[in-house]
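Take a look at the letters that make up each chain.
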Amino acid sequence: MRKPIIAANWKMYKTQKEAVDFLESLAASSLKEDREVWIAPPFTAISALSSTEKKAKISLKIGAQTISEHTEGAFTGEISARMAVEAGAQFVIIGHSERRQIFHETNAQIRKKTEKALEQSLIPMLCVGETEGERSLGQTNSVLKKQLEEALHGFSSPSIQSLVIAYEPVWAIGTGKVATPELANEAHHYVRKVLADLFGLEVAKEIRILYGGSVKPEFIKDLMDERDIDGALVGGASLNPDSFLKIINY
Ligand code: PGA
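Described below are features of the structure shown in this document. Because the structure is predicted, anything quoted here is derived from the model rather than measured.

### Focus: the packing of aromatic side chains
What the rule picks out here adds up to four aromatic pairs. Taken together, a centroid distance of 4.7 Å and an interplanar angle of 75° make the contact between tryptophan 10 and phenylalanine 22 edge-to-face. Of this pair, tryptophan 10 sits in the loop between β1 (5–9) and α1 (16–27) while phenylalanine 22 sits in helix α1; the two residues are 12 residues apart in sequence, bridging distant segments of the chain. Aromatic side chains tyrosine 167 and tyrosine 211 sit 6.4 Å apart centroid to centroid with 55° between the ring planes, which places their arrangement in the tilted category.

Below you can see the structure in the form of structure tokens.
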């Protein structure tokens, strides 16, 4: 049984105080217990959120939105896996399409970041997904396969056991164009097949694959009804406690 994860990617939104206010308001609501809630705030709010979480006795995982591919060194502006963990991060989003497109992150860098995360027992949440152009050319599966194989080659099955995948079609992110549940499930099913080829069927069956891209309270239930969809990575609709709560309690 794969326990669903509803995850928030706050991108470059919310100061430390805004993040704490959000969490306090979420903690005052009742959350269904048969699912996990994960939040990736900006780095500056990780530590405050993880202490608020402990005080408020709400159970969730706090994570980072990226980490450096290096252990430490002269890399101005970067944050290492070890620093993120010390601040309170339990997972890290790796290879988000905004990192790939705006910051030109390559699959090779994404692989190194995954390695750094695993070295520090940070759960990697690896994002994959095709652009609109790639989909229209019928390249969705080959793009997903390449992203997964290049990011994950060389890891042993036991070492990647904590891995979470987020399938986020680039054309659906922040656009309001959510993938249909059937189309999303088809991609998830394919991702699981590639994972099975890499790590074996038993491991692939345990890996949670989240859907991301314009998830809103009105779409979540239909997405979650699909067999291979194990949760959601939510951007815009996770910034407001009411809409995020509706998504959590779908
Ligand atoms: P969105 O973002 O929900 O605003 O489309 C999702 C994401 O970028 O992870």
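### Looking at the sheet that holds strand β8 (residues 231–234)
Judged by pairing direction, the barrel is parallel, and its eight strands sit side by side in the order β1-β2-β3-β4-β5-β6-β7-β8 before closing back on the first. Taken pair by pair, the neighbouring strands of this sheet meet at an average axis angle of 25°, ignoring direction. In the sheet, strand β7 (residues 208–212) pairs with β8 via two bridges, with the strands oriented parallel. Across the sheet, the residue bridging to glycine 212 is leucine 233, located in β8. Against the sheet, helix α2 (residues 43–56) makes contact with β2 (36–40) and β3 (61–64), and its axis sits at roughly 165° relative to β3, the strand it touches most. With respect to the sheet, helix α8 (residues 181–199) is in contact with β6 (164–167) and β7, its orientation differing from that of β7 by roughly 145°.

### Description of the site of the ligand
Around the ligand, the surrounding shell holds 13 residues, and the nearest of these are Lys11, His96, Glu168, Gly174 and Ser214. In this structure, glutamate 168 approaches the ligand through a side-chain N or O atom, which is 2.7 Å from an oxygen atom. A distance of 2.6 Å separates an oxygen atom of the ligand from a polar atom in the backbone of glycine 174. Across the complex, the protein chains shield 96% of the 280 Å² of accessible surface that the ligand would expose by itself. Across the shell around the ligand, the residue classes break down as four nonpolar, seven polar and two charged.

### A closer look at the side chain of lysine 116
With respect to the element layout, lysine 116 can be found in helix α5 (residues 107–119). Residues in contact with lysine 116, not counting those within four places in the same chain, are Ile67, Ser68, Glu69, His70, Thr71 and Ala81.

### A word on α1
Compared with the 16 Å implied by 1.5 Å per residue over 12 residues, the 16 Å span of α1 between its first and last C-alpha is a close match. Considered for burial, the residues of α1 that qualify are Ala19, Val20, Phe22, Leu23 and Leu26. Burial along α1 is one-sided: seen end-on, the buried residues are contained in an arc of 160°. Packed against the buried residues of α1 are β2, α2 and α11 (241–248).

### Here we look at the nonpolar core
In terms of nonpolar packing, the biggest core is built from 67 residues, with Leu26, Ile39, Ile165 and Leu195 touching the most fellow members. In contact with leucine 26, not counting residues within four places along its chain, are Leu31, Ile39, Ile58, Leu60, Pro241, Phe244, Leu245 and Ile248. In this structure, Ala7, Cys127, Val164 and Ala166 belong to the second largest nonpolar core, which totals 13 residues.

### Some thoughts on the environment of glycine 200
Relative to the helices and strands, glycine 200 resides in the loop between α8 and α9 (201–206). Relative accessible area serves as the criterion here: at 27%, glycine 200 is assigned to the partly exposed category. Taking the C-alpha atoms as reference points, glycine 200 and valine 178, 22 residues apart in sequence, are found 31 Å from one another.

Conventions we followed
- Residues numbered from 1 in each chain as written.
- Predicted model: local features only at pLDDT ≥ 70, side-chain atom pairs only at ≥ 80, totals over all residues.
- Heavy atoms only, no water.
- Phe/Tyr/Trp six-rings, centres within 6.5 Å; stacked < 30°, edge-to-face > 60°.
- Helix = DSSP H or I, 4+ residues; strand = E, 2+ residues; numbered from the N terminus.
- Pairing = 2+ DSSP bridges.
- Axes fitted to C-alpha atoms, helices over the stretch in contact; angles between N-to-C directions.
- Contact = heavy atoms within 4.5 Å.
- Near = heavy atom within 4 Å.
- Polar contact = N/O pair within 3.5 Å; in protein donor to acceptor, adjacent residues only side chain to side chain.
- Areas by Shrake-Rupley, 256 points an atom, 1.4 Å probe, with all protein chains shown as cover.
- Nonpolar A, V, L, I, M, F, W, Y, C, P; charged D, E, K, R; others polar.
- Expected span 1.5 Å × (residues − 1).
- Buried < 20%, exposed > 50% of the residue type's maximum accessible area, 1.4 Å probe, protein only.
- Arc of directions from axis to C-beta.
- Core = buried A, V, L, I, M, F, W, Y, C linked by side-chain atoms within 4.5 Å.

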